[in-house]
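Take a look at the letters that make up each chain.
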Amino acid sequence: MIPPSELIINADGSVFHLHLRPEHLADRIVLCGDPERVSRIADYFDSRECDIQNREFHTITGVYKGKRISVVSHGIGCDNMDIVVTELDALANLDFEKRTAKPDFRQLTMVRVGTSGSLQAFTPVGSFVAAEKSIGFDGVIYFYRDNQKVRDLPLEKQFLKDTFWKIMEIRPYVVSADKNLMKQICKSDIIRGITIAANGFYGPQGRTLRLPLTDEKLNRKIEKFRHENLQITNYEMESSALAGLATLMGHRAMTVCTIIAGRVDNRMNTNYKDSMNLLIKKVLNRI
């Protein structure tokens, strides 16, 4: 039995942070950072079953063109993604009354739609980029046993070597999105690349306001990095924990972002609603 301090269940039978009960969760899940974006995505639904929010975690489950889908917000950062993926898996695969794993595994399909900053000229503002591989600066995956089984160790080694990695307190790791899900979601209108999931928005992504950076040349080295037919295309803050944890648990997951910042040409689009809506429609139709 899993003790109450580990599997925390609220008085209404819901899981601790998400406030969802097992019957609230669909097998298909669209993830997003902004709680308000959940309502925008659910506006496309033909019907709704539930609308539940606790802190930054907002969930609406409904039906879109005959498909039962849950939309869940995760807030910002890989630490939040650890909470969300773990609790979604618990809802699907743990018996809340017996506090044990269910005998039959239930696989979830999770697609995160987000915003991102581009690191290449061929991923301009307004384009859509999917993380075929994610380089995590966060370290979340290292707390779970057998993490090396889902990591791309050769790419990790090459990245450390080619960037002359200076931040010794952090060791980046590399994980891949689910290959079949990538084929399902990514058509010719979505660029595939390597995404860096940073553990912060400013310094960890090479932005400097008042504090100097440990490695001021890191972004330039990242822009030049090549691995087989892939380049590092963009920065965001959640894809590595999502892909890594989902793969360890046996689920399918990936991240696709609309580019709103051009880190090479210093462009920024704060009015990206239309671009995000177009991406949302693509994912809902393909998931």
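Above: the structure in question.
The paragraphs below set out a description of the structure included in this document. (Residues numbered from 1 in each chain as written. Predicted model: local features only at pLDDT ≥ 70, side-chain atom pairs only at ≥ 80, totals over all residues. Heavy atoms only, no water.)

### Details of the overall build of the protein chain
Rules: By definition, any uninterrupted DSSP run of H or I lasting at least four residues is a helix, any uninterrupted run of E lasting at least two residues is a strand, and each is numbered from the N terminus. Based on C-alpha atoms, the radius of gyration is set beside the globule rule, defined as 2.2 Å times the residue count to the power 0.38. With a 1.4 Å probe rolled over the protein chains alone, any residue whose accessible area is under 20% of its type maximum counts as buried; one over 50% counts as exposed, and the rest are partly exposed. A contact between two residues is defined here by any heavy atoms of the two lying within 4.5 Å. To measure how exposed things are, a 1.4 Å probe is used in the Shrake-Rupley method; for residues, cover is taken only from the protein chains shown. Positive: Lys, Arg. Negative: Asp, Glu. His and the chain ends are not part of the count. Charged groups are reduced to one reference atom each: NZ for lysine, CZ for arginine, CG for aspartic acid, CD for glutamic acid.
Along the backbone of the protein chain there are 7 helices and 14 strands. By the compact-globule yardstick of 19 Å for 287 residues, the protein chain fits well, its C-alpha radius of gyration being 19 Å. For the protein chain, the residues scored as buried account for 55% of the 287 residues in total. In the protein chain, 75% of the contacts between residues at least 6 apart in sequence involve partners at least 24 apart. When the accessible surface of the protein chain is split by element, carbon and sulfur atoms take 50% of a total near 13600 Å². If you average the places of the 40 positive and of the 35 negative side-chain charges in the protein chain, the two averages end up 6 Å apart.

### With respect to the nonpolar core
Using the following cut-off: Definition of nonpolar core: a set of buried residues of the types Ala, Val, Leu, Ile, Met, Phe, Trp, Tyr and Cys, connected through side-chain atoms within 4.5 Å.
Core analysis: the largest hydrophobic core is formed by 35 residues, its most contacted members being Leu-18, Ile-29, Leu-31, Leu-88, Leu-91 and Met-110. Counting residues per element, the ones that place at least two in this core are strand E1 (28-32), strand E2 (47-54), helix H2 (78-93), strand E9 (173-176) and helix H6 (239-249). Ranked by residue count, the leading element in this core is H2, at 8 residues. Setting aside chain neighbours within four positions, we find Leu-91 in contact with Val-15, Leu-18, Leu-20, Arg-21, Pro-22, Leu-25, Phe-96, Lys-102 and Arg-106. Core analysis: the next-biggest nonpolar cluster, separate from the first, contains 28 residues, Val-30, Tyr-64, Val-113 and Leu-181 among them.

### So, the pattern of salt bridges
Pairing of side chains with opposite charge becomes possible as their charged atoms draw close. Filter applied, for reference: When a carboxyl oxygen of Asp or Glu lies within 4 Å of a side-chain nitrogen of Lys or Arg, that pair is called a salt bridge.
Tallied over the full model, the rule gives 14 salt bridges. Between Arg-21 and Glu-23 there is a salt bridge, with the nearest N and O atoms lying 2.7 Å from each other. The class of Glu-23 is partly exposed, set by a relative accessible area of 47%. Here Glu-156 makes a salt bridge to Arg-151, at a shortest N to O gap of 2.8 Å.

### Section: the pairing of E1
Cut-off, in case you're wondering: Paired strands, as defined in this entry, are two strands with at least two bridges between them according to DSSP.
Counting buried residues along E1, 4 of its 5 residues qualify, which places the element largely inside the surrounding structure. Here E1 runs beside strand E4 (residues 67-73); their pairing, made up of 5 bridges, is parallel. From the neighbouring strand, Cys-32 faces E4, where its bridge partner is Ser-73. In terms of strand pairing, E1 meets strand E7 (residues 109-118) through 4 bridges, oriented parallel. By the bridge assignment, Leu-31 is partnered in E7 with Arg-112.

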